[in-house]
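Take a look at the letters that make up each chain.
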Amino acid sequence: MPLVPTAEIVAAAVAAGNGAAAFNVIGLEHAEAVVAGAAAAGLPVLIQVSQNAVAYRGGRLAPIAAACRELAAAADVPVGLHLDHVEDPDLARRAAAEGFGSVMVDFATQPYSDNLARTRELADWGHANGLWVEAELGEVGGKDGAHAPGVRTDPDEARAFVAATGVDALAVAVGSVHAMTTRTARLDLGLVDRLRDAVPVPLVLHGSSGVPDEELRRALDAGIVKVNIGTALNVACTAVVRARLADNPELVDPRRYLAPAVAAMAGEVERLLRVVAASPART
């Protein structure tokens with residue numbers, strides 16, 4: 001089926017009282033795995049391409065976007081396309097032309113006033129061009145970011161930020177950390193609950209690969225809607241590739257290790273979709 005707007009997938013999750021799962025992809029194998037896992041689960045999914053992934057591909061957005069569009073067109077479940085963690089306004093402005101239904105503009109490391117002004121400018125542009133716009137307030141840890149209670153999202157600031165920028169969703173810092181390879185993160189669920197009451201838009205959890213299943217379910221209960229996952233796929237992929245090459249040191253045909261790696265990632269997508277999106281969390 002054709003690409004489904006991110007707004008529709010998230011709205012359907014809100015209406016059902018469950019979550020919308022979004023998976024970051026780096027290349028074709030990742031994207032194929034996301035669509036295969038969603039098909040196996042029979043659930044909608046969001047494919048995310050980050051600014052870092054675009055940089056890895058030499059700054060070229062069009063090839064990976066085209067591949068994702070083709071995979072979505074061949075899928076029998078709803079698939080949306082989201083441009084993630086964009087700090088470059090020029091890249092954000094390329095989203096609509098490449099078929100993306102949404103963009104996350106990320107100025108969270110900047111002072112509040114700068115974050116607000118730059119987010120509002122791109123949110124206005126995005127809405128004028130049919131995009132659903134996500135932003136971040138507070139600073140989710142991991143990679144080069146800070147992570148401490150002092151950088152978690154403040155509900156009063158969140159209320160003012162959403163009102164001033166008009167964003168459609170807000171990524172919040174509540175205890176998750178980007179790029180975790182262990183699932184040991186503990187979230188401030190009381191803060192999630194207060195943020196849900198403070199803002200009228202869906203809350204987004206970044207760094208969800210490090211959050212255990214039951215903690216994810218509790219986060220959905222507390223008010224998280226969109227759940228971003230990336231590192232979990234890399235862990236599944238790399239484990240298979242490493243094992244295959246260790247067992248077969250003479251192996252040179254990448255299909256021999258990439259095919260099982262894609263299958264492992266697809267299995268992880270299916271499992272996590274069932275955690276996030278398969279059954280109502282809030283009653």
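Now for a description of the structure that goes with this document. (Residues numbered from 1 in each chain as written. Predicted model: local features only at pLDDT ≥ 70, side-chain atom pairs only at ≥ 80, totals over all residues. Heavy atoms only, no water.)

### Looking at the packing of helix H2 (residues 28-41) against helix H4 (residues 62-74)
Turning to step 1, where the next piece is worked out: As a packed pair, H2 and H4 sit with axes 10 Å apart at the nearest point and diverge in direction by 25 degrees. Considered as vectors, H2 and H4 are oriented roughly parallel to each other. Our pair here, H2 against H4, has a crossing hand that is right-handed. Listed contacts from H4 to Leu28, Ala31, Glu32 and Val35 of H2 are Ile64, Ala67, Cys68 and Leu71.
Turning to step 2, where the next piece is worked out: Partitioning the contact of H2 with H4 into residue classes produces seven nonpolar, no polar and one charged. (Axes fitted to C-alpha atoms, helices over the stretch in contact; angles between N-to-C directions. Helix = DSSP H or I, 4+ residues; strand = E, 2+ residues; numbered from the N terminus. Parallel < 35°, antiparallel > 145°, perpendicular 65-115°, else oblique. Left-handed = near helix turned anticlockwise from the far one by under 90°. Contact = heavy atoms within 4.5 Å. Nonpolar A, V, L, I, M, F, W, Y, C, P; charged D, E, K, R; others polar.)

### Points about the side chain of His82
Turning to step 1, where the next piece is worked out: Inspection of the secondary structure puts His82 in strand S3 (residues 79-86).
Turning to step 2, where the next piece is worked out: When its relative accessible area of 0% is taken as the criterion, His82 is described as buried.
Turning to step 3, where the next piece is worked out: Setting aside anything within four residues of it in sequence, one finds His82 in contact with Ile47, Gln48, Val49, Phe100, Ser102, Val103, Met104, Glu134 and Lys226. (Buried < 20%, exposed > 50% of the residue type's maximum accessible area, 1.4 Å probe, protein only.)

### Some details on helix H7 (residues 155-165)
Turning to step 1, where the next piece is worked out: Taken together, the buried positions of H7 are Pro155, Ala158, Phe161, Val162 and Thr165. Projected onto a plane normal to the axis of H7, the buried residues spread over an arc of 120 degrees and lie on a single side. Seen from the open side of H7, the exposed residues pointing more than 90 degrees away from its buried face are Asp156 and Ala163.
Turning to step 2, where the next piece is worked out: Looking at the packing, one finds that the buried side of H7 touches helix H6 (112-128), strand S5 (132-137), strand S6 (169-172) and helix H8 (189-198).
Turning to step 3, where the next piece is worked out: Here H7 starts with a cap whose side-chain oxygen sits 3.0 Å from the backbone nitrogen of Asp156, and that cap is Asp154.
Turning to step 4, where the next piece is worked out: Two residues or fewer after H7 comes Gly166, characterised by a positive phi angle close to 75 degrees. (Arc of directions from axis to C-beta. Polar contact = N/O pair within 3.5 Å; in protein donor to acceptor, adjacent residues only side chain to side chain.)

### Some points on the nonpolar core
Turning to step 1, where the next piece is worked out: Among the nonpolar cores identified, the biggest contains 83 residues, and Phe23, Val49, Leu83 and Leu273 are the most heavily contacted of them.
Turning to step 2, where the next piece is worked out: Take this core: its biggest share by element is ten residues, from helix H11 (residues 255-276).
Turning to step 3, where the next piece is worked out: Filtering out sequence-adjacent residues up to four positions away, Val49 remains in contact with Val25, Val54, Leu61, Ile64, Leu81, His82, Leu83, Asp84 and Phe100.
Turning to step 4, where the next piece is worked out: Within the second largest apolar cluster, 13 residues are counted, among which are Ala22, Trp132, Ala169 and Ala171. (Core = buried A, V, L, I, M, F, W, Y, C linked by side-chain atoms within 4.5 Å.)

### Describing the environment of Gly207
Turning to step 1, where the next piece is worked out: Among the structural elements, Gly207 can be located in the loop between strand S7 (203-205) and helix H9 (213-222).
Turning to step 2, where the next piece is worked out: A relative accessible area of 9% places Gly207 in the buried class.
Turning to step 3, where the next piece is worked out: Through-space distance from the C-alpha of Gly207 to that of Ala173 is 9.5 Å; in sequence the pair is 34 residues apart.

### As for the pattern of salt bridges
Between side chains of opposite charge, a pair can form when the charged atoms approach closely.
Turning to step 1, where the next piece is worked out: Per the counting criterion, the structure on display carries twelve salt bridges.
Turning to step 2, where the next piece is worked out: Put simply, Asp193 and Arg196 hold a salt bridge, and the shortest N to O gap is 2.4 Å. On the criterion of helical spacing, the pair formed by Asp193 and Arg196 is a turn pair, its members being three residues apart in helix H8.
Turning to step 3, where the next piece is worked out: Classification of Asp193 as partly exposed rests on a relative accessible area of 29%.
Turning to step 4, where the next piece is worked out: Taking relative accessible area as the criterion, Arg196 reaches 32% and is therefore assigned partly exposed.
Turning to step 5, where the next piece is worked out: Overlapping salt bridges bring together Asp193, Arg196 and Asp197 as one network. (Salt bridge = Lys/Arg side-chain N within 4 Å of Asp/Glu carboxyl O.)

### Some words on the sheet that holds strand S2 (residues 45-50)
Turning to step 1, where the next piece is worked out: Here we have eight strands rolled up into a closed barrel, ordered S1-S2-S3-S4-S5-S6-S7-S8, and parallel in their pairing. Mean inter-strand twist for the sheet, computed between neighbouring axes without regard to direction, equals 25 degrees.
Turning to step 2, where the next piece is worked out: In this structure, S6 lies alongside S7, joined through two bridges in parallel fashion. By the bridge assignment for S7, Ala171 is matched with Val204.
Turning to step 3, where the next piece is worked out: The sheet contacts of H7 involve S5 and S6, and relative to S5 the element is tilted by about 150 degrees. (Pairing = 2+ DSSP bridges.)

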